[in-house]
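Summary of structural features
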Amino acid sequence: MAEALVDVLWFIDGSEDEQMDQDDAVKVMEGVAHVVSTLPSDQLQELIELVGEMASAENNPARREFLEAFPEGFGLSERGHHGVLPPALGCSISGGIRTTVGR
């Protein structure tokens with residue numbers, strides 16, 4: 001299930017403005033960040049470990065960067081309880097998520 005979630009988030013991150021409404025993309029990412037931040041500690045640790053394993057096995061450098069940024073970007077490494085987008089977001093979406101979040 002975690003792998004499917006990460007795949008969806010990777011798709012959203014790589015979407016161009018014409019492919020996905022950027023306001024909707026932000027809502028999805030923030031919603032996921034909130035839900036993930038409420039996981040019990042054992043499930044949270046399991047998710048962090050799984051994403052780390054996925055990053056280690058990833059051959060695509062951009063996807064590996066996304067996976068490596070995932071725990072910190074979603075506030076998991078410090079157990080943040082607010083919706084935070086991974087640093088990788090906005091890098092591949094020209095003028096999209098980053099500018100939308102600032103509104």
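These notes cover the structure that comes with them. Keep in mind that this is a model prediction, so the values were computed, not measured. Every chain is numbered independently, its residues counted from 1 as its sequence is written. Totals for whole chains, interfaces and linings use all residues, but because this is a predicted model, local features are given only for residues with pLDDT of at least 70 and pairs of side-chain atoms are given and counted only at 80 or more. Note that the side-chain values use all heavy atoms of the structure and ignore hydrogens as well as water.

For the rest of this paragraph, the subject is the layout of surface pockets. The rule is simple: put a 1 Å grid over the protein atoms alone, call a set of points where a 1.4 Å probe fits but cannot get out a cavity, call an open set with protein on both sides within 12 Å along at least five of seven lines a pocket, and count a residue as lining if it has an atom within 4 Å of a point. Grid points are joined across faces, edges and corners, and a volume is the space filled by probe spheres set on the points. Each pocket or cavity is described by its volume, and for the largest pocket that value is around 250 Å³. Looking at the largest pocket, the residues that line it are Met1, Ala2, Leu5, Val32, Val35, Val36, Leu39, Gln43, Glu46, Leu47 and Leu50. Helical segments are the DSSP runs of H or I of at least four residues, strand segments are the runs of E of at least two, and each set is numbered from the N terminus. For the lining of the largest pocket, the secondary-structure elements that each account for two or more residues are helix H1 (2-14), helix H2 (22-37) and helix H3 (41-57). In terms of residues, the lining of the largest pocket owes the most to one element, H3, which gives 4 residues. Class assignment for the residues of the lining of the largest pocket results in 9 nonpolar, 1 polar and 1 charged. When residue character is reported, Ala, Val, Leu, Ile, Met, Phe, Trp, Tyr, Cys and Pro are called nonpolar, Asp, Glu, Lys and Arg charged, and the others, Gly included, polar.

On to the side chain of Arg63, then. Relative to the elements of secondary structure, Arg63 occurs in helix H4 (residues 61-73). Contact partners of Arg63, with chain neighbours within four places excluded, come to Val6, Asp7, Trp10, Met54 and Glu58. Residues are treated as being in contact if the distance between any of their heavy atoms lies within 4.5 Å.

Counting 20 residues, the largest nonpolar core has Val6, Leu9, Leu67, Phe70, Phe74 and Leu76 as its most contacted members. Of all the elements in the fold, those that place two or more residues in this core are H1, H2, H3 and H4. Ranked by the residues each element gives to this core, the list is headed by H3, at 6 residues. When neighbours within four sequence positions are excluded, Val6 is seen to be in contact with Val51, Met54, Arg63, Phe66, Leu67 and Phe70. To qualify as a nonpolar core, a set must consist of buried Ala, Val, Leu, Ile, Met, Phe, Trp, Tyr and Cys residues joined through side-chain atoms within 4.5 Å. Three labels apply to residues, based on accessible area from a 1.4 Å probe with only protein chains included: buried if under 20% of the type maximum, exposed if over 50%, partly exposed otherwise in between.

These figures capture arrangement, not role.
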